[in-house]
Amino acid sequence: MKNHLQFHWGKYLAAIVIPIVLWTSVFSILKKPAPNEKLSILFVGEGLDTVSVQQEVERVLPELTDQKLQSISISQAAPGNRGYFEFMHPQIYRYDIIIITQSQCLENTGQVLFRTIPQALQDTFSFLPFYTESTEAGDHPYGLVICDGQLNNRFSSFYEGSEICYLFFSPESENLAGKNGKGNPSDDCALQIARYLLEIVN
């Protein structure tokens with residue numbers, strides 16, 4: 001028996017460890033929030049007080065929407081030494097809203113990473129200046145100007161920088177009340193928080 005254990009202990013260990021690993025993995029997958037159960041915002045650049053923004057979003061969101069969320073995250077990052085589009089492309093699948101400072105917003109960012117803002121979203125934010133890019137078919141809006149040094153809105157109260165900032169909606173977001181062709185009309189947390197941050201204050 002001793003010799004048997006000496007040569008086969010690895011099999012017994014694997015028989016114990018593998019089920020634990022599998023169970024933990026399944027539990028983690030089941031526990032992961034669905035796309036319409038989380039709100040994620042990414043700020044690309046420097047100068048945003050993300051901690052205060054997150055606290056504010058967590059405070060006001062229950063008053064703005066009936067959507068039930070398990071997770072709210074406000075992150076800040078920059079491409080660094082990585083290629084810009086190589087860094088940015090995965091982010092549109094991770095975040096509902098991406099805010100980019102002018103210095104981090106390379107030429108054709110809208111056309112390469114995002115889509116022309118759908119008319120339903122254009123109508124919602126028609127009172128604001130759009131970030132546009134020129135194409136063969138003319139100029140098209142891809143984002144919104146959320147900060148230009150003059151707009152005194154809620155976002156600007158958390159932003160310490162001096163750059164123009166652009167807000168882009170992920171074409172993959174399921175939290176825009178279906179105005180981008182995805183998700184349900186009742187799942188509107190990203191839409192509502194964008195309106196809140198863009199709202200002009202005295």
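The text that follows walks through the structure, step by step, so that each part is easy to find. (Residues numbered from 1 in each chain as written. Predicted model: local features only at pLDDT ≥ 70, side-chain atom pairs only at ≥ 80, totals over all residues. Heavy atoms only, no water.)

### Some points on the pattern of salt bridges
- Applying the stated rule across the entire model yields four salt bridges.
- Among the ionic pairs, Glu-56 bridges to Arg-59, the shortest N-O distance being 2.9 Å. Taken together, the positions of Glu-56 and Arg-59, both in helix H2 (residues 50-64) and three residues apart, correspond to about one turn of that helix.
- A salt bridge links Glu-172 to Arg-115, with the shortest nitrogen-to-oxygen separation between them at 3.6 Å. Here Glu-172, found in the loop between strand E6 (165-169) and helix H7 (189-198), pairs with Arg-115, found in the loop between helix H5 (109-113) and helix H6 (119-124); they are 57 residues apart in sequence, far enough to count as distant.
- A relative accessible area of 24% places Glu-172 in the partly exposed class.
- Salt bridges linked by common partners bring Arg-115, Glu-172 and Lys-182 together as one network. (Salt bridge = Lys/Arg side-chain N within 4 Å of Asp/Glu carboxyl O. Helix = DSSP H or I, 4+ residues; strand = E, 2+ residues; numbered from the N terminus. Buried < 20%, exposed > 50% of the residue type's maximum accessible area, 1.4 Å probe, protein only.)

### Describing the pairing of strand E2 (residues 71-77)
- By the bridge criterion, seven bridges tie strand E1 (residues 38-44) to E2 in an arrangement that is parallel. What sits directly across from Ile-41, in E2, is Ile-74.
- In this fold, E1 hands off to H2, which returns the chain to E2; that crossover is right-handed. (Pairing = 2+ DSSP bridges. Right-handed = clockwise from strand over helix to strand, strands pointing away.)

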